[in-house]
Amino acid sequence: MAVSLDLLRTFLAVHREGSVTSAARRLSLSQPAVTGQIRALEAALGRQLFVRLPRGVAPTPVADLLARQVAGALDELEAVVAPQPDAATGTVHLGGAAEFLTELVLPALAPLSGTGLRLRVTLGLSDDLVRGLESGALDLAVLTARPRQRRLVAEPLYDEEFVLVAAPGCDPDPQRAPLVAYAEELPIVRRYWRSVFDTRATRTADVVVPNLHAVLAAVRAGAGFSVLPEYLCRADLAAGRLVALHTPEVPPLNTLFLAHRTGLANPAVAHVRARLLEAAKTF
């Protein structure tokens, strides 16, 4: 039996909201209409999708699987058919790490400036950004890990590759050379050592500065070596201002995710999301 897109769209809204009432409000439908569509989809599939709770509904494993299968395609379709006259107007609150937003995201969104879209940017760490998404303070956020909160949707945006770098002429031995790091705990350095050398980094940093642009500047000036995202130092590597101290067969990667609350009722948010996903193909 054929299943209509309307039934799948309603199903996804209920799955994301965890409530028939909330889904009905988001879809501008009556509660009986949403209930009827869910029953029609269950009849078409021959499977139960939701279990009623004292407050809301809980998805069955069948529903969770179906949501994973259809969410991406339905979200892309919704972004495509969003009303175009309003797509680039309004205010979008975007969050992410300072370095990634500065180097890649903001240049990708620059053509939207002056079109009627207003962008408000928050720089911060993923935990704070997730709280911003949940509270409604942020519409979109670039996160360093996929959030587990049920009402947040996240999709892979960019695979961040890491490079072991130093200025030309610096001691190429990481066991002897000074180390410049983002934090005392050496999170980026330790990840690189574990992934590439299969060992634990036990060094103490000689210079610690909690900003990767500052780390880059210190390394470029000859303060020591560090591990940096490739996108941040690719221009310096190409120009010879930095050299790669090691070229692993498989460079360490960290996937960045573009996250938002369930549903994209705001056309401006959907427009920015679609533009970032497209731009990320060339990052």
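Residue numbers restart at each chain and count upward from 1, following the sequence in its written direction. Note on the predicted model: pLDDT of at least 70 is required for a residue's local features to be given, and 80 or more for side-chain atom pairs to be given and counted; whole-chain, interface and lining totals, by contrast, use all residues. Side-chain measures here rest on the full set of heavy atoms in the structure, leaving out hydrogens and waters.

To qualify as a helix, a DSSP run of H or I must reach at least 4 residues; to qualify as a strand, a run of E must reach at least 2; elements of each kind are numbered from the N terminus. Secondary structure assignment for the chain yields 10 helices and 11 strands. Counting only C-alpha atoms, the chain reaches 70 × 45 × 30 Å along its principal axes. Here the chain holds 283 residues, and 45% of them are scored as buried. We call two residues in contact whenever any of their non-hydrogen atoms come within 4.5 Å of each other. Taking as baseline every contact in the chain between residues at least 6 positions apart, the subset at least 24 positions apart corresponds to 74%. Note on areas: Shrake-Rupley, 1.4 Å probe, and residue coverage restricted to the protein chains presented here. Counting only carbon and sulfur atoms, one obtains 53% of the accessible surface of the chain, whose full area is about 14,400 Å². Think of it in three bands: with a 1.4 Å probe and only protein chains considered, a residue is buried below 20% of the maximum accessible area for its type, exposed above 50%, and partly exposed in between.

Another aspect to go through is unusual backbone geometry. With a phi close to 55°, Leu186 is a non-glycine residue in the positive phi region. As for its placement among the helices and strands, Leu186 is situated in the loop between strand E7 (180-181) and helix H7 (187-197).

Moving on, we get to the packing of aromatic side chains. Each Phe, Tyr or Trp ring, with Trp reduced to its six-membered ring, pairs with another whose centre is within 6.5 Å; inter-plane angles below 30 degrees give stacked pairs, above 60 give edge-to-face pairs, and intermediate values give tilted ones. All chains considered together, the criterion is met by 10 aromatic pairs. Where Tyr192 meets Trp193, the ring centres are 6.0 Å apart and the plane angle is 55°; that geometry is what we call tilted. You'll find Tyr192 and Trp193 in the same group, each marked buried.

Salt bridges are defined as contacts in which a side-chain nitrogen from Lys or Arg sits within 4 Å of a carboxyl oxygen from Asp or Glu. Within this structure, the stated rule accounts for 10 salt bridges. Salt-bridge contacts for Asp139 lead to Arg261; the nearest nitrogen and oxygen are separated by 3.7 Å. One end of the pair, Asp139, is in the loop between helix H6 (126-135) and strand E5 (140-143); the other, Arg261, is in strand E11 (residues 253-261), and 122 residues separate them in sequence. For Arg234, the salt bridge identified is with Glu230, shortest N-O distance 2.9 Å.

We now examine the pairing of strand E6 (residues 152-166). Among the 15 residues of E6, 12 are classified as buried, and the element is accordingly described as predominantly covered. If DSSP finds at least two bridges between two strands, the strands pair. Taken together, the 9 bridges between E6 and E11 define a ladder with antiparallel strand orientation. What sits directly across from Glu161, in E11, is Leu253. Strand direction decides the pairing type here: E6 and strand E9 (residues 226-229), joined by 4 bridges, are antiparallel. Across the sheet, Val165 pairs through a bridge with Ser226, a residue of E9. Here E6 pairs with strand E10 (residues 243-244) via 2 bridges, running antiparallel. The partner of Ala166 across the bridge, within E10, is Val243.

Turning our eyes to something else, we now look at helix H8 (residues 212-220). If you check which residues of H8 are buried, you get Leu212, Val215, Leu216, Ala218 and Val219. Buried residues along H8 cover an arc of 165° about the axis, so they all sit on one side. Each element contacted by the buried residues of H8 is listed here: helix H5 (98-109), E6, E7, H7, E9 and helix H9 (230-239). The opening residue of H8, the one whose side-chain oxygen lies 2.8 Å from the backbone nitrogen of His213, is Asn211. Of the residues flanking the end of H8, it is Gly222, one or two places downstream, whose phi is positive at about 95°. By definition, the arc is the one covered by directions from the helix axis to the C-beta atoms. Pairing of N or O atoms within 3.5 Å defines a polar contact, subject to two protein rules: one partner must be a possible hydrogen donor and the other a possible acceptor, and residues neighboring in sequence count only if both atoms are side-chain atoms.

Looking at Asp139, the relative accessible area reads 12%, which means it is buried. For Asp139, the contacting residues outside a window of four places in its chain are Thr91, Val92, His93, Leu133, Ala259, His260, Arg261 and Val269.

Throughout, nonpolar core names a set of buried Ala, Val, Leu, Ile, Met, Phe, Trp, Tyr and Cys residues whose side chains join them through atoms within 4.5 Å. Core analysis: the largest hydrophobic core is formed by 52 residues, its most contacted members being Phe100 and Leu157. Residue contributions to this core peak at 7 residues, all from E6. For Phe100, the contacting residues outside a window of four places in its chain are Val105, Val142, Leu157, Tyr158, Tyr231, Leu256 and Phe283. Residues Leu7, Leu8, Ala63 and Leu66 belong to the second largest nonpolar core, which totals 22 residues.

In this fold, Pro187 is placed in helix H7. By relative accessible area, which is 38% here, Pro187 ends up partly exposed. Along the primary structure Pro187 and Val3 are separated by 184 residues, whereas in three dimensions their C-alpha atoms are 47 Å apart.

Before going further, it helps to spend a moment on the environment of Leu104. Within the secondary structure, Leu104 sits in helix H5. Distance in space between the C-alpha atoms of Leu104 and Leu74 is 27 Å, their sequence separation being 30 residues. If sequence neighbours within four positions are ignored, Leu104 has contacts with Tyr158, Tyr231 and Phe283.

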